[in-house]
Structure formats: structure tokens, C-alpha cells
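# Observations on chain architecture
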Amino acid sequence: MGKVEEFLKKSSIIMKKSLAGLDYDKFEKKFISFDYNELMNSVPYNINEIIKIQREFKVGGTPLYELKNINKIIKKLSKPGYGAKILLKDEANNASGSFKARRASLSIYHAKKLGYEGVVAETSGNYGAAVASQAAQMNLKAIIVQEVFDSKWIGQPEILEKGRACEAYGAEVWQMTVGPELFYMTLLILNETGYFNASLYTPYGVRGIETLGFEIANEVREKYGKYPDYVLVTHAGGGNVTGTKRGLIEGGAKDTKVIGVSVDLRGLHMASDRDFNRKSFTTGHTGFGVPFMVKPDRTDVPRNAARPLRYIDEYFIVSQGEVFYTTILLAQIEGIERGPAGNTSLAAAIPFATQLPEDKIIVVQETEYTGAGKHPFAQLSFAKKMDVEILRGDPKDNVPGKIIVIPDDISQLRYEKIPLEEIKKSYLKNAIQNLDEITKDDLKFLKEEINELESDFVERFLFEKGVKIYG
Ligand SMILES: Cc1ncc(COP(=O)(O)O)c(C=O)c1O
């Protein structure tokens, strides 16, 4: 056995030490199930305590805007009696400029309380900046391990920007090439430093996002006398959907529908050296959105606290060009220049609103900061260098990695609804791999996992696959 393999064998011991004794084994059951509620409840803070902690570190309490000028256009594009109202939660106002501050704050607070000297996070995104910003405030060291370059050492402008932000907040940033070295390096650093693993996927991270859904439920009810009908959530690894929906429920908005929205990057392979730099979006895209739904435990912790299929009601996709168009629209008619992630769900919210009655309320639950490599022009110049064609016209001609089409007009914005049934079947297929029997507990778990408690969706699937249920 080589040195690397030998070291990787110790990964679960290193993980346990770096996760403040959070022992995932104690939640495990036979064969495929684990106690998800117990895992989430292992976080020793309730929603009011989480809000208090977050406010102390410049997180939460962000403004909720009615997008009046966009809403006027929606009314014009809709038939009489139609055209729902869009509200936008301006999460760019959190310290570090995105909702990821909610996710980082609780982890870093907990690490500080337990006496860790520093924190480590493996991320290419806003989460790194959020961890660095929270660690800076709590006087902890932060190490961010980022996947940045292809094998020619070319880096995507948005990822480079996020690395800059992490450094600005005082973090040490390790920049890696695409591939499995990211996990290996993170493990090595955790082992050598003994720092806290501020993974995106621990229950601390996901519980931290619940305040976003909770604020939305309360603010909309106070201002408009009812809960929102729909909350549109930019979706990648699933924490955003999971935490927001849990917070909505906690705030009383049990019937509000949560719609995940991703940028369409179908056909591009995230681990491919070539495709890595042929995408103009680094998160909120199908390259994360779908794999994390069908196999949520593909993470750096034994069980992912983000389990989007439990919480998502519908899934929409939009094209890259439509998000660029929406980014410029938001700046030029609403006067707020924001980054790509939140504008992904806004791009879908606009055409969606035209199809809904005028008394419906849609909340786009985040914005993110922008600047430098996050700007559409930086992305489009980079895409051109990577031989991607940029056109104006109808977004239906978009081909991920080959052609980006910027709409000529707002009326050309569309969204595609991806049926969740197929995604749920893929989830089940992965879950029962190599099994010909499961327990009754497993059955209940699977039904919860894909939110099919009332139907016989899971039973029918298991019957078709010849999997027996005993016990
Ligand atoms: C600003 C922003 N919005 C949305 C997302 C998607 O969140 P999740 O990965 O939890 O689905 C990300 C993740 O990188 C993000 O940085």
C-alpha cells in the first residue's frame, strides 16, 4: 500500500477529531438509514440562539425588497389578473457578501467555544470568504482549500475572485488543480493543524441557514399578511434548499413551495480538466445540483446534513445567458448590482411570475456580492478565450460549454421544469445498490429522503427492482 492510501485509511479518525467529537456512527442504522433528525438536533442551539449568535457577527437581518420596476414589467408581460409579485432578500448585506455567512457563523462560533485554534474549509466558493470573515471576527485562524486551476494553471475569474476575498479576510488559501487532491490536502491540513473542520455539510452549517427561511416567513407575513406562495432558491450542493425550507417551516410557512433553480450545465463534467473552464458559473448549476440530489453523501463528512430531495418541491433550470441578462437588468432598472448566484433564481422567477395570478408572492431568497471576476463581462471575456461562442438572441439556442446566448429582450426569459420523479428514482437506485433486502426502518427513511411519505412511490420502485422488506 502506498503512502497516500495508508494516510487515507486514517480519514475517519482525523474527521472525528476535527468535528468536535460529532460521532456520525451513533446515528447509523441498518442497512441504509440513519437518524437524520437526531443528527440535526445534535446542534445545541435553537433558532433564537442561532439568530442571536449571527447578529453578533454581522449576519442576518438582511433587507427584503419589492422589485417594483421588474414587477411592473411582469404585469405588462402577463395576461389580465396575472403577474405575481417578486420580493428579493438582499443577502449580499451579510458580512462577506452572501448567505454563506449564515452557514459559516454557527460552525465557527462553535469551534471557538470548544477552544479550537483555527478552522479549515474545503470550498471554491463564497463559503471560503464567509468562513474567513467569521474566523477573522472571532480571532481564529482560517485555512481555505480551493479548487482553482486546470492542468494548464488557468483559473476561472470567479474562483480567482473568491480566493482574493478569502485572503482579504486574512485566511491562508491553498489553491489546487482540479481533481481528488482537494480532499487529500484538506485531510492533511486537518491532521497537521488539529483545526476544526468547518465543512459545508455538517449540521452546524445547514442549521445556520435556517434563519434565512425563518426571516422570510416572518417578514412576508408581517408586511403582506400571509406567507409567501413560492420561495425560489439557487441550488447546488443542497444546503440552501434544505436550510431555507427548514427555516420556513419553523417560521410557520408550512405550505410555502420551495423551488430549486440551477444554471443548465448539462453535458459538462465538473471533474473534467477540459470542461472545468468552459463554464461561466461556478455554483448554482446542474453539475452540482443533480449529483447532490441523487447521492447527497458525496461529501467530506460521513453524512450530509443537506438533503435537498427531502425539501425541494420543484426544480427549474435556466441558461447562462439568461442569468447574465438578469444580472444587468437588476442593476439597470432596480439599481442593485449583485453577483451570479442569486440572479440564477431571479432569472427563473421573472417568467414564472408571469404565469401566476397577481395575488401570489414569490420570494427570491438571496443575492450575493459582485465585483471583479464575478461580473458578467469578466466571465464572457473568459468564455470567449475558452472558445465559447457568445451570441444575442433566443436563449433556447444555448449549448453549455459551446454557445452562450444573451436574450435581446426580457420576454425571452424562460425556465425549464425538470421532473423530480426521475431524480428521485436515481436517488433510490443509488441508495439500494447491491442490496436485495432492506428493513422497515430503511423503507421509512427512503420515503422521508425523497419526500414521498404519503405515496407508494418507494414501494413500487423496490418491487420493480426485486428488493424485499423485512422486519
Ligand atoms: C451565493 C450562493 N448561492 C447559492 C449557492 C448554492 O447553495 P447550495 O450549494 O447550498 O445549494 C452557493 C453555493 O456555492 C452560493 O455561494
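For every chain, the first residue of the written sequence is number 1, and numbering continues from 1 onward in sequence order. For this predicted model, a pLDDT threshold of at least 70 governs which residues receive local features, and a threshold of 80 or more governs which side-chain atom pairs are given and counted, while totals over whole chains, interfaces and linings are taken from all residues.

### Describing the overall build of the protein
The line we're drawing: Helix numbers and strand numbers start at the N terminus; a helix is a DSSP run of H or I with at least 4 residues, a strand a run of E with at least 2. Radius of gyration means the value over C-alpha atoms here, while the globule rule gives 2.2 Å times the residue count to the 0.38 power. We call two residues in contact whenever the C-beta atoms placed from their backbones are within 7 Å.
For the protein, the count of helices and strands is 19 helices and 15 strands. Relative to its length of 471 residues, the protein is compact, with a C-alpha radius of gyration of 22 Å against a globular reference of 23 Å. Viewed in the frame of its principal axes, the protein has a C-alpha envelope of about 65 × 50 × 45 Å. Long-range pairs, those at least 24 residues apart, make up 76% of the contacts in the protein between residues at least 6 apart in sequence.

### A short note on the site of the ligand
What counts, and what does not: Any residue whose backbone-placed C-beta atom lies within 6 Å of a molecule or strand is treated as near that molecule or strand. Residues are grouped as follows: nonpolar covers Ala, Val, Leu, Ile, Met, Phe, Trp, Tyr, Cys and Pro; charged covers Asp, Glu, Lys and Arg; every other residue, Gly included, is treated as polar. Start and end points for every domain follow an automatic or database-based domain assignment.
Around the ligand, the surrounding shell holds 18 residues, and the nearest of these are Ala236, Gly237, Gly239, Thr283 and Ala341. Among the residues forming the shell around the ligand, the class breakdown is four nonpolar, eleven polar and three charged. When we break the shell around the ligand down by domain, the ones giving at least three residues each are domain 1 (3-48 + 98-202) and domain 2 (57-95 + 204-417).

### A few points about the pairing of strand E9 (residues 314-318)
Rule in force here: With C-beta atoms placed from the backbone, a residue is buried if 20 or more other C-beta atoms are within 10 Å of its own, exposed if 12 or fewer are, and partly exposed between those counts. Any two strands between which DSSP finds at least two bridges are classified as paired.
Burial within E9 is extensive, with four of its five residues counted as buried. Sheet topology note: the strand E8 (residues 257-263)/E9 ladder contains five bridges and is parallel. Each residue of the ladder has a partner; that of valine 263, found in E9, is valine 318. Sheet topology note: the E9/strand E13 (residues 416-417) ladder contains two bridges and is antiparallel. The partner of phenylalanine 316 across the bridge, within E13, is lysine 417.

### Section: the domain arrangement of the protein
Each assigned domain of the protein is listed here: domain 1 (3-48 + 98-202), domain 2 (57-95 + 204-417) and domain 3 (421-470). Taken together, the contact between domain 1 and domain 2 spans 43 residues of the former and 45 residues of the latter. Only helix H3 (36-41), helix H6 (100-113), helix H7 (126-137), helix H8 (157-168) and helix H9 (181-193) provide two or more residues apiece to the side of domain 1 that touches domain 2. Sorting elements by how many residues they give to the side of domain 1 that touches domain 2 places H6 first, with seven residues. Class assignment for the residues of the side of domain 1 that touches domain 2 results in 21 nonpolar, 15 polar and seven charged.

### A word on H7
Using the following cut-off: How far a helix is expected to stretch is found by multiplying one less than its residue total by 1.5 Å.
For H7, spanning twelve residues, the distance from its first C-alpha to its last is 17 Å, which sits close to the expected 16 Å at 1.5 Å a residue. Taking burial as the measure, the twelve residues of H7 include ten buried ones, the bulk of the element. Among all positions of H7, only Asn126, Tyr127, Gly128, Ala129, Ala130, Val131, Ala132, Ser133, Gln134 and Ala135 are buried. Packing partners of the buried residues in H7 comprise H6, strand E3 (118-122), strand E4 (141-149) and H8. Following H7 by one or two positions, asparagine 139 has its phi on the positive side, about 60 degrees.

### Let's talk about the pairing of strand E12 (residues 403-407)
Of all the five residues making up E12, four are buried; the element is thus mostly covered by neighbouring parts of the structure. Strand direction decides the pairing type here: strand E11 (residues 389-393) and E12, joined by five bridges, are parallel. Note that in E12 the partner of leucine 391 across the bridge is valine 405.

### Points about the packing of helix H14 (residues 320-334) against helix H15 (residues 340-354)
To keep it simple, the criterion reads: Convention adopted: a line fitted to C-alpha atoms gives each axis, helices being fitted over their contacting stretch, and angles between N-to-C directions are expressed from 0 to 180 degrees. If an angle is under 35 degrees, it is roughly parallel; if it is over 145, roughly antiparallel; if it lies from 65 to 115, roughly perpendicular; otherwise it is oblique.
Two numbers describe how H14 lies on H15: the axes approach to 8 Å, and their chain directions differ by 95 degrees. One way to sum up the angle between H14 and H15 is to call them roughly perpendicular. Note on element contacts: H15 touches H14 through Pro340, Asn343, Thr344, Leu346, Ala347 and Ile350, opposite Glu322, Val323, Thr326, Thr327 and Leu330. Class assignment for the residues of the contact of H14 with H15 results in six nonpolar, four polar and one charged.

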